[in-house]
Structure formats: C-alpha cells, structure tokens
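# Coordinate inspection notes
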Number of protein chains: 2
Amino acid sequence: MKRHAIIGAGAVGSILYHLLSSNQELEIDVFAKEERTITIEYKGQLIEQSKVTKVFPSTEKYDCIYICVKATALSNLLLSIKCMCHADTIIILCQNGISQSELIQHPHTYHAVVYISGQMNGDRVIYFQDNTLILPDESRLQPLKLITDQSQLNIVLDPNHAKKQWIKLLVNLGINSITALTKNTAQVLEVQEIYTLTEQLLGEGVTIASHHGIDLPEDIIASIMSIYSAYDASMGTSMYYDVINGQTTEYEYIQGYLNELSTKYQLHTPLLNIITLLLKGYQYKK
Amino acid sequence: MKRHAIIGAGAVGSILYHLLSSNQELEIDVFAKEERTITIEYKGQLIEQSKVTKVFPSTEKYDCIYICVKATALSNLLLSIKCMCHADTIIILCQNGISQSELIQHPHTYHAVVYISGQMNGDRVIYFQDNTLILPDESRLQPLKLITDQSQLNIVLDPNHAKKQWIKLLVNLGINSITALTKNTAQVLEVQEIYTLTEQLLGEGVTIASHHGIDLPEDIIASIMSIYSAYDASMGTSMYYDVINGQTTEYEYIQGYLNELSTKYQLHTPLLNIITLLLKGYQYKK
C-alpha cells in the first residue's frame, strides 16, 4: 500500500496529492493530459508548487489508484486504468455521481463521498476547505486508512457510506441544477420561489431514494437547505462553471441517473424530468 | 402623417427605417442612445450605410412613433416619448410581448405583430427576411397604411390582430424558452424529448389563451412546431442571444406575462411555472 496514483490533476486530484504527500513514505504519481507543475493556493499562500504531473497513461502498477477526472471522462480511461492495476489494487473513485463504479470491472473499486472543496483558476488550484473521503467500512480498506491516517488526508470508513453518498448526490441535485440552469451563483436561492423550487426538487430526489431502498433522515431536505444557506452568495457549483465555460456537464451522473431511477420505479418527478431534459439539451451537438 | 420617429436602432428599428425610407416623402428620424450610422447588410450586400441616428430624446413632435427598443427598456422612456407626441400621434409598439401598451397613456397606441427578421452583429444589422407589421383594423390607422403602402414596409390591418399577437407570443414562448434555458440554438428541437417538451409547453400556453378569451385554431400547436421546423439549425432567438451575452431577457413580457395569467385563472401550468422561475433566477442581481 505504498504506491499511489492520482489520475486527474484538477482541483480534487491536486488537493488530494497535497494531503497524501504529507506522509513521506508514500510514492505518489499524479497523472494529467500533459506534464505540468501542480500549483495550489490556500488562503492566499502557495502551499504546493513543485510536484510535476506525469502524462497519462502509465505502464506501471499501483497499490491504490484515485480517479479524480470528471465523471464524463471516465469511460475513455478504463482500459488504461486496468493496465495500471495488479490483483490487489484498490481503486477509489473521487467523482460526483454514484453509478460509475459499475463501469469498472476491477473487483476492489470504491466510490468515495468526497469532501474536498477547491476550484481551478487557470492553471492554479484554489483550495478552500475539507480533507475527507468517506468510504464503506470494509476490512480491505483498513490498510489504506492506516497509512493515510499518517497524512493530512482523512479517510472515514463509514457503515452508512451508501446513505452518505446519496445525501451528497441530493446536495448536488439541488444546487447544481439551479445554478447551472439559471446561470447564477448560490445567491439565486435568495429568490423565495427558487428556494421553494429547490426544496420541491429535493423532495423528488428523496422519493427516488426511498424507492431505491435508501432510508434518509426525515429532516433531510431541511438539512440540505441549511447546507446551502452556509454557501457564500458568489459561490458557483461545478455544473455552474461548466455551463459558464461552455463545457459538458456531469448531468448524466446526477440528474440523469436519478431520472432513470424515477422512470424505473414509475415515479412522478416533473421537476427532475424537465431539469434533466434542459441539461441534456444544453450539450446537444456541443 | 409625414413625420415619423423610430425609437431604437437595433435590428427591427434599423430595418424598419430602411423599409419606410423607400417612400421619399416621409421625414424619418431614428433615435438611439448615441449618434451613429445605421449599417444594414442583406444577403452579403450593404443596403444601408448613410442614415445617422439622433440622440434620444427629442423635443420635436411626430405623427407616428415606432417603439423598437427591448420591452425591458420601455418604462424608462415613457415620459420622453410623451413629449414627442401631439394629440393625434400614432404610437406603434414593435416589441415582443403583448402587455406593454397598458404602460402608455397616449390614446392612439397599438402593439404591432412584427414580422421583420434580422440580427445585430456588432454595429451592423443583418437583415434576413420579412417586412410586415400586423395592426388592428381600425380606421385611424388607414392613413398610415396608405402612406406606408408607398414604401417597402407592409402594414396589414387585420381584424384578427389580437389572435395573431397571441400566436406570435406562443411562438416566442416555445422557442425562446427552450433555446435560452438550454443555451442551444434551434437544433435542440432535434432531441425528441425536447421537441415533446416544447409541444407540452405550447399546450399550457394555449390553455391560458383559451381562458383569456383568445380562440386559437385547433391545430395551433402543430402549426407553431412546423414554423420551428423551418428554422435553420444554427438560428438563435432574441432570448438565446441575451443569455449568451449575459444580458437581461424579456421573460417578464413573454413567460412572466403568461404565468401571471395562469395564476389569475388558477390553471395548472407546471412547465411554464418552472421555466419562468429559472428565467427569473437568471437575472437575479445581474
């Protein structure tokens, strides 16, 4: 459990490297499309400016591989990632969404609930806060937890991992949908009718979760809305920045996934339905 | 009926000038925010490049005033426009929407259904097609029709003006909503589910029209969809360009107006409701 590969040097991948590398016994390679130096800023100070990325893919094998590319980019990387695995390699997906682990045939694959908050600003990563990956409470993950406990990365092995993952999915459902489609930042929740609309959308998500066998706390909608209320008014979401920058969004892994489940369980989720369609339309032939 | 003022030198105002000026007996002033030369291109040829705009407002009086500014800009201009009217001045609103004539106290005010298709491209207007204003069939408008019949502008006095205006409103409702919220051009209707969504949205609009006492043809939705199918795939709408350029849209005069009527008549129009909200959210604090 010594050789670690981080695939993707965006905000999450870069910060993950920074956190892990404080355990100097680890050998960590960061892979990107091109060779470049990772630069991370935290509270106005440069905290990382020496690590150079390697060009993906690699012929070397790793004990642990963290996949930090956008959900939309995963399918094209699968074969190359497979070549970087030995029989006991652990793959940790650090992406939005919930459904992607099905794409990976390697047996020891886990989808982390990622609480690492940062943003790309040109070639520089701005690190805001948080350092946690929540993973299922499985004995196979214990060695990984032990060695990361000697770094700044906080891995939590949580028996309620699936529920936590769904809560993150719903957090993304609400704020990503609304900010991307209004092309406005978190301040848009100050509009009372938009606030109510977001609650209704979350309500549809909770209904889907329940039919999918995920038992969420009764006050989950209020909890999520209070998470939003702590956001800075000028804060965008990943999907907001995608739309602002004319890039493909991860809607298929968030709204699209939920919408498919809604169809499967024959549920009435009109808001989710139109929101998914508008996001689908956004990237048609783009 | 000799002195004409065109307020607003965007696509419609500029093209309207071009059409009207072929009757050389008319004295036409075009007003804009600044003095500049109107340039119009038609099928790759410059057809207008000498008329210079005057700076709005004016202390002179006009027999006919065409208001060609965006619907959102109207309220700020009302006092100045009033000063440009004598008792018999005819005011022709050449804007999207339907409700703005209520803002103008001057008695002889008419809202034209505008069929003039063009687009601003920097300082240049690209004139695509059409040269028609549909107005109510009122005797007071006969002199205007007579003198414009000697120009390239085609004024139609139509007893079904109100119905035509509603059809234009519904045409705008469908394609403007979908293109603005997907940030995609008319090609987005190639996505079957988006096509169906647009039909459903128009269905809500037709229900509102019916409760408002507007009797539309039974096949109106199919007719409007066939209008859309004639659009070039790369064609945007005014609201699409507003969103692309980060500008305020006219949603209050299209979706917002219809949504208010829906509330007034206590109708169930869920698509219109969320679309109006998202467009409202778009320009919150922007």
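As the structure is a prediction and not an experimental result, all values here were calculated from the model. (Residues numbered from 1 in each chain as written. Chains lettered and ligands numbered in written order. Predicted model: local features only at pLDDT ≥ 70, side-chain atom pairs only at ≥ 80, totals over all residues. Heavy atoms only, no water.)

## Some remarks on the UniProt feature "domain: Ketopantoate reductase C-terminal" (unreviewed entry) in chain A
- If you check UniProt for "domain: Ketopantoate reductase C-terminal" (unreviewed entry), the listed places come out as residues 161-283 of chain A in our numbering.
- Between the C-alpha atoms that bound residues 161-283 of chain A the distance is 32 Å, and the span itself is 67% helix and 0% strand. (UniProt positions renumbered as here; feature names shortened; annotations may be inferred. Helix = DSSP H or I, 4+ residues; strand = E, 2+ residues; numbered from the N terminus.)

## Remarks on empty space enclosed by the protein
- Applying the stated criterion across every chain yields a total of four cavities of 30 Å³ or more.
- Ala180 and Leu181 of chain A together with Ala180, Leu181 and Lys183 of chain B are the residues nearest the centre of the largest cavity, which is lined by 14 residues in total.
- Those elements giving two or more residues to the lining of the largest cavity turn out to be helix H4 (161-182) and helix H9 (270-282) of chain A together with helix H4 (161-182) and helix H9 (270-282) of chain B.
- Residues that form the lining of the largest cavity fall into these classes: 10 nonpolar, two polar and two charged. (1 Å grid on protein atoms, 1.4 Å probe; cavity = no way out; pocket = protein on both sides within 12 Å on 5 of 7 lines; lining within 4 Å. Points joined across faces, edges and corners; volume = space filled by probe spheres on them. Nonpolar A, V, L, I, M, F, W, Y, C, P; charged D, E, K, R; others polar.)

## Points about the side chain of Asn184 of chain A
- One can find Asn184 of chain A in the loop between H4 and helix H5 (192-211).
- Within the local environment of Asn184 of chain A, its side chain forms a polar contact with the backbone oxygen of Gly281 of chain B, the two atoms lying 2.8 Å apart.
- In this structure the side chain of Asn184 of chain A is engaged in a polar contact, spanning 2.9 Å, whose partner is the backbone oxygen of Tyr284 of chain B.
- The residues contacting Asn184 of chain A, other than those within four sequence positions of it, are Thr179 and Tyr240 of chain A together with Gly281, Tyr282, Tyr284 and Lys286 of chain B. (Polar contact = N/O pair within 3.5 Å; in protein donor to acceptor, adjacent residues only side chain to side chain. Contact = heavy atoms within 4.5 Å.)

## Topic: the packing of H9 of chain A against H9 of chain B
- Contact geometry of H9 of chain A with H9 of chain B gives a least axis separation of 11 Å together with a crossing angle of 55°. Taken together, H9 of chain A and H9 of chain B sit at an angle that is classed as oblique. As for how H9 of chain A packs across H9 of chain B, the hand of that crossing is right-handed. Contact with H9 of chain A, carried on its side by Leu271, Ile274, Ile275 and Leu278 of chain A, involves Leu271, Ile274, Ile275 and Leu278 of chain B of H9 of chain B and no other residues of that element.
- In terms of residue class, the contact of H9 of chain A with H9 of chain B is built from eight nonpolar, no polar and no charged. (Axes fitted to C-alpha atoms, helices over the stretch in contact; angles between N-to-C directions. Parallel < 35°, antiparallel > 145°, perpendicular 65-115°, else oblique. Left-handed = near helix turned anticlockwise from the far one by under 90°.)

## Description of the relation of the copies chain A and chain B
- When chain A is fitted to chain B, the residual RMSD is 0.0 Å, and the transformation amounts to a turn of 180° plus an axial shift of 0.0 Å. Seen this way, the second copy is the image of the first under a two-fold rotation axis. Relative to the rotation axis, the C-alpha of Leu181 of chain A is the closest in chain A, positioned 3.2 Å from it.
- Here 100% of the interface residues in chain A have copies in chain B that are interface residues too; the copies meet face to matching face. (Least-squares fit on C-alpha atoms with pLDDT ≥ 70 in both.)

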